[in-house]
Amino acid sequence: MPAPGEETARSAPSSGSSENSDILDMKDEEGWEDAEPDEEETQFISLLDDEVFMDIHAMLNHCKQKYKFDFLEIRQRLALDFYGSVKLVNFIRSQVHSGNKVSQNISQEDFDDEKYLKPVLEDDALLFSLDDLPDVMEDEQRPNGKEASIDSGELVSRVSELEGELRRIQLQFDNYRASVSETLDDRWNEKGMPGTSGAVRIEKEEERDDDSHYFSSYSYNDIHETMLKDSVRTDAYRDFIYNHKLLFAGKTILDVGCGTGILSMFCAKAGAARIIAVDNSGIIDKARENIFNNGFADKITCLRGKIEEVTLPVDKVDIIVSEWMGYCLLYEAMLDSVIWARDKYLKPDGLMVPSHMNMWVAPVADPDYISDHIAFWRDVYGFDMKAMQAGIHEDAQVLNMPAATVCADPFPFLQLSLHTTTVKDLSFKQKWEGKLKSDIDALDGFIIWFDSFFMPSRDDLVPQNAKAEEWAKTGKIGIAFTTGPGGRETHWKQGVMLIDNTKVAPIGRKEGEHLAGEVEYAVPEDNSRALTVGMKWQFDGNQEVSQSWKMR
């Protein structure tokens, strides 16, 4: 589960009046309102390797310094116009993609073919930025002689370097102005408006942005490494796609929340004609590189943004593939976006991958865990540290529970069919029941998990009580996996809701005792990506008990 973001401490400026005056004067400068840099910046993939740069000049200088390859000199020497420059770029990329070395002594005949007008790299930022490069000097502007031609090329390169340096300085200055503005606002909020006694405090409450932290948590490698190494998860997607290549051959696929691009590449390898991979986190840039490096740039289009906000290059798709599942299935609320994409883009006869989810609940008794992690705090080297227990029963845990701790038969409390489920279905109250399989000293809590099913037709049915761990053994079609204690461990593990037995001593229970209850899923008002799990339960002849847990 991603850790909450940390706030960056800010230093207040000194209280000198002259400094405040200078800072205030800066607000009158043209462009002050544009001090904040754009949220999304153009990225340039190197002509000769996989390095990515935020500036076209930095990328070209990288090629010149590391490989002695001067793109600007070649462009100037051959006096290329815009279309000639486009051909040159695509010729270079095609040669590199084929593993051929590119020489500085390129001639115009090498890339004269019209086929080099077609981009090699999807959404190649370099092609869209050729107009930002220094103009090619006409013959009458250029000195005569070979030596002079070389000098002019070096001059163009030097101008490019200086322009790049100027842009970096401008960006640093813009960031400085934004920082000064932010710091000044903080100071005013702490001490009140100038001219007052300071008794009046201006409260500035920023609206919580649940999405920002959610998407930023998926920008780093570690979470993707964890998911990719979850072979239960990744193998299921791969096996379904590869085992049903006829479903994917020639089709248009939408990958919602593509991450590293692994599912899109599975689809491409299975013969899909076109895949649109969408993700709103920074990982999309690495996905684009992964796709290019594996030779799928002609099939897979990467788009950064929320699926609800990006514009797809197609009206409809044949298949939507997505790994949207969170802890307890619905934590992080990604399914809402997948449903939105389904309703807008999926053809009437289109397929959702995966197609069904069965959700399970079971009571657990685990005295060893309670002793090691709860009662432990009551005697730590002879000291009572019960203060450390605060909140331990308020938050849902994510643990892999031993199957032996499940003290009653699991109950399938809900099925979601991805072809028909609506967003309203994701907040619910569902009944469940069970009988104890053995005597227990105490009921310690409940666990929740889900089973995923991948069916080759939208008409295929999955029983609500179908267990994924038994699916393949019984010769059923499709692919299925479980995140429950009866299967191999996954990164989802199980959601564990511990009962607060610290206030009232728990009662031992006997094998065969019947208990029934109700599980509730709700989204808290203060965090749309979080989840609140409520539970009511009652043994026959006993009072009903209730408790809720937060997953955040």
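Here, the structure is the one placed above.
Details of the sheet that holds strand E11 (residues 428-435)
Then comes step 1: Pairing within the open sheet is antiparallel, and its four strands lie in the order E11-E15-E16-E17. Both edges of this open sheet fall to E11 and strand E17 (545-551), since each of them pairs with a single strand only. Between one strand axis and the next, the sheet turns through 20° on average, direction left out of account.
Then comes step 2: Bridging between strand E15 (residues 514-522) and strand E16 (residues 531-539) involves eight bridges; their strand directions are antiparallel. By the bridge assignment, Ala522 is partnered in E16 with Thr532.

Things to note about the sheet that holds strand E4 (residues 274-279)
Then comes step 1: Across the sheet, five strands lie side by side as E5-E4-E3-E6-E7; this open sheet has parallel pairing. In the strand order of this sheet, the two ends are held by strand E5 (300-304) and strand E7 (346-353), each with one partner. Taking each pair of neighbouring strands and ignoring which way they run, the sheet shows an average axis angle of 20°.
Then comes step 2: With five bridges joining them, E4 and E5 adopt parallel strand pairing. Bridge pairing links Ile275 to Ile300 in E5.
Then comes step 3: The strands that helix H11 (residues 262-269) touches are strand E3 (252-256), E4, E5 and strand E6 (317-321); relative to E4, the one it contacts most, it runs at about 180°.

Considering the pattern of salt bridges
Here the idea is simple: oppositely charged side chains can pair when their charged atoms come close.
Then comes step 1: Across all of its chains, the model carries 16 salt bridges by this definition.
Then comes step 2: The salt bridge involving Lys64 is made with Asp70; its shortest N-O contact spans 3.7 Å.
Then comes step 3: Judged by relative accessible area, which is 25%, Lys64 ranks as partly exposed.
Then comes step 4: A salt bridge links Arg378 to Asp384; the shortest N-O distance between them is 3.1 Å.
Then comes step 5: Classification of Arg378 as partly exposed rests on a relative accessible area of 44%.
Then comes step 6: A relative accessible area of 42% places Asp384 in the partly exposed class.
Then comes step 7: Each member of the salt-bridge network shares a partner with another, and the members are Asp235, Arg238 and Asp239.

About the criteria used
Residues numbered from 1 in each chain as written. Predicted model: local features only at pLDDT ≥ 70, side-chain atom pairs only at ≥ 80, totals over all residues. Heavy atoms only, no water. Pairing = 2+ DSSP bridges. Helix = DSSP H or I, 4+ residues; strand = E, 2+ residues; numbered from the N terminus. Axes fitted to C-alpha atoms, helices over the stretch in contact; angles between N-to-C directions. Contact = heavy atoms within 4.5 Å. Salt bridge = Lys/Arg side-chain N within 4 Å of Asp/Glu carboxyl O. Buried < 20%, exposed > 50% of the residue type's maximum accessible area, 1.4 Å probe, protein only.

Limitation: the analysis is restricted to geometry and does not speak to function.
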